[in-house]
Amino acid sequence: MKALDRKLLRDLRLLWSQALTIALVVASGVGGFLTSLSAVDSLALARDRFYATDRFADVFASVRRAPLAAAEALRQEPGVADVQTTVEELVRVSLPGVDDPIIGQLIGLDARAPQRMNRVRLAAGRWPDLGRAGTGPVEVLVSEGFAQTRGLAPGSRLSALVNGRQRELVVTGTALSPEFVFAGLWGMPDTRGFGVFWMDQAVLAAAYDMDGAFNRIAVKLAPGASEQAVVDALTRRLGPYGGREAHGRADQTSHAMLDNEIKEQRVLGTVLPAIFLGVAAFLLNVVVSRLVATQREQIAALKALGYPNLAIGAHYLKLVLVIVGMGLVLGVVAGDRLGTLFTGLYAEFFHFPSFEHRIAPGLLLVSAGLTLVTAVGGTFNAIAATVRLPPAEAMRPPSPGRYRRTLLERLGIQRIGPAARMVLRNMERRPLRTALSIAGVAAAVAIVIMGNFFRDAIEVVVDTQLKVALRADVTVWTTDAVDEPRTRLALARLPGVRQVESNRYVPVTLRHGHLSERTILRGYPGRPALGRLIDVDQHETVIEGRGLLLTDRLARQLGLQPGDPVQVEVMEGRARTLTLPLGGTIPEMMGLNAYLDRDVLNRVLGEGDLATGFLLSVEPGREPEVLRATQALPRVAGAWSKATMLRNMEEISARNIRIMSTVLTTFAVIIAVGVVYNNARIALAERAWELASLRVLGFTRAEVSGLLLGELALVIAVALPLGMALGTALTHGVVAMLASDQFQFPVVIRARTHAWAALAILVAGTASALVVRRRIDRLDMVAALKTRD
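Rules and cut-offs
- Residues numbered from 1 in each chain as written.
- Predicted model: local features only at pLDDT ≥ 70, side-chain atom pairs only at ≥ 80, totals over all residues.
- Heavy atoms only, no water.
- Phe/Tyr/Trp six-rings, centres within 6.5 Å; stacked < 30°, edge-to-face > 60°.
- Helix = DSSP H or I, 4+ residues; strand = E, 2+ residues; numbered from the N terminus.
- Buried < 20%, exposed > 50% of the residue type's maximum accessible area, 1.4 Å probe, protein only.
- Lys NZ or Arg CZ within 6 Å of the ring centre and 35° of its normal.
- Core = buried A, V, L, I, M, F, W, Y, C linked by side-chain atoms within 4.5 Å.
- Contact = heavy atoms within 4.5 Å.
- Pairing = 2+ DSSP bridges.
- 1 Å grid on protein atoms, 1.4 Å probe; cavity = no way out; pocket = protein on both sides within 12 Å on 5 of 7 lines; lining within 4 Å.
- Points joined across faces, edges and corners; volume = space filled by probe spheres on them.
- Nonpolar A, V, L, I, M, F, W, Y, C, P; charged D, E, K, R; others polar.
- Salt bridge = Lys/Arg side-chain N within 4 Å of Asp/Glu carboxyl O.
- Patch = residues over 30% accessible without salt bridge, like charges linked within 9 Å, V, L, I, M, F, W, Y side chains within 5 Å.
- Areas by Shrake-Rupley, 256 points an atom, 1.4 Å probe, with all protein chains shown as cover.

Colleague: Got a minute to help me understand the packing of aromatic side chains in this structure?
Modeller: Describing an aromatic ring pair means giving the distance of the ring centres and the angle of the ring planes. Inspection of every chain in the model, using the stated rule, returns 10 aromatic pairs. On the basis of an interplanar angle of 35° and a centroid distance of 4.3 Å, the ring pair of Y51 and F56 is categorised as tilted. Ring plane angle 75° and centroid distance 6.2 Å describe the contact between F180 and W198, whose orientation is recorded as edge-to-face. Note that F180 is positioned in the loop between β8 (165-176) and β9 (194-200) and W198 in strand β9, a separation of 18 residues in sequence. Just as F180 is buried, W198 falls in that class too. Here a set of aromatic residues connected by ring pairs shows up, and it is made of F50, F352 and F355. When the ring centre of Y505 is taken as origin, the NZ or CZ atom of R522, which lies over that ring, is 5.2 Å away.

Right, dumping it as structure tokens:
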């Protein structure tokens with residue numbers, strides 16, 4: 001073994017604790033990078049494979065009822081490669097012994113026409129016996145996620161309210177479809193309250209008078225075809241059949257949820273690891289600089305013995321590479337384990353035939369390359385100093401530091417004790433190191449805040465949407481627009497109902513110039529009591545007398561200002577276009593929404609006093625009774641309980657947020673320990689002679705420790721408020737990058753998050769200080785007082 005390599009091993013043995021903490025910081029950066037991006041790459045790979053093998057459609061449209069001949073005409077449209085029609089309906093589903101409301105989406109399977117796109121893949125059990133009509137139990141396949149959550153297996157029985165009649169369903173198997181990778185009602189992650197059921201299309205069509213007709217169509221585009229051109233053609237062709245505007249994959253619920261998740265994780269997997277690697281570069285620079293400073297005589301001796309500058313520089317570079325290499329290996333292991341954990345969490349929401357975690361070789365190369373570049377870049381100046389150091393100068397001790405009055409003393413503040421004066425002067429003597437130490441600890445604080453922010457934000461979203469805005473206990477919706485007074489009276493007569501409020505939802509396309517956007521025009525009461533409009537600042541917006549209101553994101557997309565005319569193309573019933581002035585905008589968290597007073601909406605549509613949804617305030621404890629009673633009402637399509645949805649969502653989100661918070665807090669504590677411990681060790685090495693002299697002069701161990709640890713305490717004290725400000729700024733930046741048309745996180749950081757961040761950093765700093773205090777107590781004063789004259 002070469003002499004320099006033996007020296008390298010000796011240096012690593014002496015620096016093992018510092019090398020370990022730096023390696024852990026590097027591992028945190030690499031692990032965070034690989035965790036997020038490998039999990040999201042696995043998700044994207046599973047999606048792409050499933051879409052390709054089971055031919056996920058490109059364009060989708062719904063109609064009220066259209067003859068099959070209309071679908072054949074669509075095949076002739078330019079850009080259309082294939083067309084597939086189905087009959088689909090939302091129904092009420094009941095499970096034995098379960099009072100919670102469940103919504104099922106029934107989809108017909110045609111025994112005479114094999115599926116050419118959006119294929120249903122059998123996951124377990126057997127296919128239902130298609131083509132066997134009758135009044136007995138109907139065999140169905142059920143979506144895998146719902147089956148797993150509700151414990152359904154082949155042979156399980158349940159009932160569905162199919163067009164006003166209860167039909168018994170028998171589960172023959174579980175299934176998957178690229179159209180329902182994410183299966184949730186209106187995009188809500190509630191696998192307990194929503195399931196997809198595939199059944200004989202002949203039976204479903206007969207129940208809804210859809211023989212020889214369809215109400216859902218999927219289109220596969222020809223290579224190179226324009227999606228927008230096909231969307232426009234479908235919208236035009238299906239308009240006479242009550243068709244809503246067609247849309248591409250971007251507006252398909254399952255695909256949109258997948259895309260949003262991939263986008264979010266790519267942002268988090270890029271921003272946070274960059275902070276870790278930046279801190280690691282700083283720590284490596286400090287440690288290598290200190291090592292070079294303490295080994296000046298050794299460097300001079302090596303040069304005098306004929307070692308070239310390149311060999312000496314390579315020696316110190318090897319030291320950096322060994323530390324980084326350890327961190328890289330630990331990071332890859334951590335990234336693989338955490339990536340597998342995250343993939344398992346994804347599998348609870350997104351269902352694929354095959355979904356396994358994998359780390360792509362290219363991702364490993366990128367992580368290794370970024371880590372090496374960051375490490376070498378951070379230590380380049382320190383290593384270059386060994387090359388530039390002349391042997392004669394290296395043999396002399398370093399020049400003594402220049403001390404002067406502290407900033408506080410120069411500002412006229414004289415009442416500073418000797419110990420505090422020594423601490424402040426030593427920190428001012430090295431302003432860059434002090435600033436970087438504070439920045440490192442502040443980064444750790446910011447990461448803890450970032451990791452716990454999502455819990456605060458989701459709590460605010462749920463509280464705003466389902467508690468402050470929605471005061472109703474039960475929501476009921478109908479198959480079509482119904483007579484409002486008659487239906488409201490029928491609901492008010494149900495046992496336990498205290499108050500009823502009606503709404504009307506109409507699918508529309510809003511146009512302004514060449515810009516357009518599909519949305520739902522929501523007709524609310526002028527002064528609602530059960531379903532209020534609450535903006536992102538928790539303020540209520542009253543619709544009465546305001547005219548058409550749009551969310552601020554929707555108005556920006558259409559280039560609208562209050563007072564501008566808006567063309568409203570009604571996509572329901574008789575085709576017509578209304579022109580309404582924009583009355584104002586609302587800064588909402590969710591969706592591209594449009595609002596209008598329900599009475600005004602009914603008047604401009606000229607269809608009488610109609611409604612499509614009803615909000616019910618119910619006496620405590622009587623929700624199950626009300627939900628059962630609504631099943632007997634004609635034309636009621638479904639109902640859901642706010643309490644049940646809240647329970648299901650909080651059950652899912654609480655665990656996932658807890659895992660994410662724990663991972664990021666652990667990474668942040670590693671950063672804090674790395675910064676505080678390495679600074680303390682370096683300060684101890686630099687000031688060993690000074691501290692030993694003070695001990696000889698009669699200072700106690702506590703007093704000597706206070707001089708050194710006082711610097712650490714001051715660094716943490718300054719870093720905490722700066723870190724909280726940095727965490728807020730980082731949160732704002734990440735939220736801006738995660739913002740989408742459908743959702744934007746509110747930037748809300750609660751006091752408990754700041755307290756948790758401060759506690760985590762204080763615990764990390766205290767643990768590091770205790771380790772350093774032990775080293776101060778064991779200081780060899782004889783060795784420390786030996787000086788070079």
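Colleague: How do you make sense of the nonpolar core when you look at a structure like this?
Modeller: The nonpolar side chains of soluble globular proteins are, as a tendency, buried together. One finds F350 and F352 to be the most contacted residues of the largest nonpolar core, which totals 118 residues. Sort the elements by how many residues they give to this core and helix α2 (residues 16-53) lands first, with 16 residues. Sequence-distant contacts of F350, defined by excluding residues within four places in its chain, comprise L43, V181, F182, M257, L258, E261 and F355. One finds I102, V142, M199 and A205 within the second-largest nonpolar core, a separate group that totals 25 residues.

Colleague: Just to check I follow, could you spell out the pairing of strand β7 (residues 157-162) for this structure?
Modeller: Regular strands place their side chains on alternate faces of the sheet. As paired elements, strand β3 (residues 88-94) and β7 share 3 bridges and run antiparallel to each other. Counted as the bridge partner of V93 is A160 from β7. Pairing of β7 with β8, which is carried by 6 bridges, proceeds in the antiparallel orientation. Paired with L158 across the strands is L169, a residue of β8. Linking β7 to β8, which pair antiparallel, is a turn of 2 residues; within it N163 sits at a positive phi near 50°.

Colleague: Please explain the side chain of T551 as it appears in this structure.
Modeller: Its place among the elements puts T551 in strand β17 (residues 548-551). With residues near it in sequence (within four places) discarded, T551 still touches I586, E588, G591, L592, N593 and Y595.

Colleague: Where do I start with the environment of A222 in this structure?
Modeller: Here A222 shows up in the loop between β10 (213-221) and α6 (227-238). The sequence separation of A222 and A680 amounts to 458 residues, and the corresponding C-alpha distance is 66 Å. Those residues in contact with A222 that lie beyond four places of it in its chain are G79, V80 and A81.

Colleague: It is not clear to me how the pairing of strand β21 (residues 610-618) should be interpreted in this structure. Could you clarify?
Modeller: Of all 9 residues in β21, 9 are buried; the element is thus mostly enclosed. Alignment of strand β12 (residues 474-483) against β21, held across 6 bridges, turns out to be antiparallel. Across the sheet, the residue bridging to V474 is L616, located in β21. Pairing analysis gives 6 bridges linking strand β13 (residues 497-512) to β21, with the strands arranged antiparallel. The residue of β21 that forms the bridge with V497 is V618.

Colleague: When you look at empty space enclosed by the protein in this model, what are you seeing that I'm missing?
Modeller: Empty space left among the atoms is revealed by rolling a probe the size of a water molecule over them. All chains considered together, the criterion is met by 8 cavities of 30 Å³ or more. For the largest cavity, the calculated volume is near 180 Å³. Looking at the largest cavity, it is lined by 13 residues, and the ones nearest its centre are N426, R433, T434, S437 and E711. Among the secondary structure elements, those contributing two or more residues to the lining of the largest cavity are α13 (418-429), α14 (431-469), α19 (642-686) and α21 (701-738). Grouping the amino acids of the lining of the largest cavity by side-chain chemistry returns 4 nonpolar, 4 polar and 5 charged.

Colleague: What am I meant to see in the pattern of salt bridges here?
Modeller: Charged atoms that come close allow side chains of opposite charge to pair. Tallying each qualifying case throughout the model produces 33 salt bridges. The partner of E484 in a salt bridge is R488, and the shortest N-O contact between them spans 2.5 Å. Of this pair, E484 and R488 both sit in helix α15 (residues 484-492), 4 residues apart, which is roughly one turn of the helix. Look at E484 and you get buried, because its relative accessible area is 3%.

Colleague: I keep staring at a nonpolar patch on the surface and nothing clicks. Help me out?
Modeller: A surface patch of nonpolar side chains, amounting to about 370 Å² of accessible area, comprises W16, L20, L24 and L330. Broken down by element, the nonpolar patch gets its largest block of residues, 3 residues, from α2. In this fold, L24 is placed in helix α2.

Colleague: Explain the sheet that holds strand β2 (residues 80-86) here, please?
Modeller: In any sheet, the strands associate via hydrogen bonds between backbone groups, in a parallel or an antiparallel arrangement. Reading across the sheet, the 4 strands line up as β2-β10-β1-β11 and stay open at both edges, with antiparallel pairing between neighbours. Only two strands of the sheet have a single partner each, and these edge strands are β2 and β11 (247-248). Bridge count for strand β1 (residues 59-67) against β11 is 2 bridges, and the pairing is antiparallel. Among the inter-strand pairings, V59 is bridged to a residue of β11, identified as G248.

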